[in-house]
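Notes for the structure review
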Amino acid sequence: AAPAPKQPQKKGKFVIKSVKAKNVLAVYGIGDYSTKSGEMVKLLMKEVKKRKLKARGAMSQVSYMKPGEVPVEQLVSEMQIPIKAKKGKKKTR
């Protein structure tokens, strides 16, 4: 298991850390995050299997807009899963 990330020592403080480049498989969605997340997970996992890739960690989701500031049908999000690099391939994002 990976070591736990360093935790802030005081309330209201943040920790910044460098993260090595990773290979990820990503999907982008438009619309309500709460209804699209499940579909995005299924699509990513199906694509991992189709491409015969190996997942290397937990999925993460990025929301590019703040709900309430743009119409729900314009919300853009990205979900990604780290994948193991194939031998002989450079790491790319």
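See above for the structure.
The notes below deal with the structure included here. (Residues numbered from 1 in each chain as written. Predicted model: local features only at pLDDT ≥ 70, side-chain atom pairs only at ≥ 80, totals over all residues. Heavy atoms only, no water.)

**Topic: the pattern of salt bridges**
One pass over the full model with this rule turns up one salt bridge. The partner of Glu47 in a salt bridge is Arg51, and the shortest N-O contact between them spans 2.8 Å. On the basis of relative accessibility, which here comes to 44%, the residue Arg51 falls in the partly exposed class. (Salt bridge = Lys/Arg side-chain N within 4 Å of Asp/Glu carboxyl O. Buried < 20%, exposed > 50% of the residue type's maximum accessible area, 1.4 Å probe, protein only.)

**Re helix α1 (residues 33–50)**
Because each turn of an α-helix spans 3.6 residues, side chains separated by three or four positions in sequence point in the same direction. Taking 1.5 Å per residue, 18 residues should reach 26 Å; α1 reaches 25 Å between its end C-alpha atoms and fits that length. Among the residues of α1, Tyr33, Ser37, Met40, Leu44 and Val48 are the ones counted as buried. Seen from one end, α1 has its buried residues packed into an arc of 70 degrees, which puts them on one side. α1 presents Glu39, Lys42, Lys46, Lys49 and Lys50 as exposed residues on the side facing more than 90 degrees away from its buried surface. Buried residues along α1 sit against β1 (24–30), β2 (60–63) and β3 (76–82). Just downstream of α1, Lys52 is the residue with a positive phi angle, here 55 degrees. (Helix = DSSP H or I, 4+ residues; strand = E, 2+ residues; numbered from the N terminus. Expected span 1.5 Å × (residues − 1). Arc of directions from axis to C-beta. Contact = heavy atoms within 4.5 Å.)

**Comments concerning the nonpolar core**
Judged by nonpolar contacts, Leu25, Val27, Met40, Leu44, Val48, Leu53, Met79, Ile81 and Ile83 together constitute the single largest core of nine residues. Only β1, α1 and β3 provide two or more residues apiece to this core. Among the elements that make up this core, the one with the highest residue count is α1 (three residues). Not counting the four nearest positions on each side in its chain, Met40 is found in contact with Val27, Tyr28, Gly29, Ser77, Glu78 and Met79. (Core = buried A, V, L, I, M, F, W, Y, C linked by side-chain atoms within 4.5 Å.)

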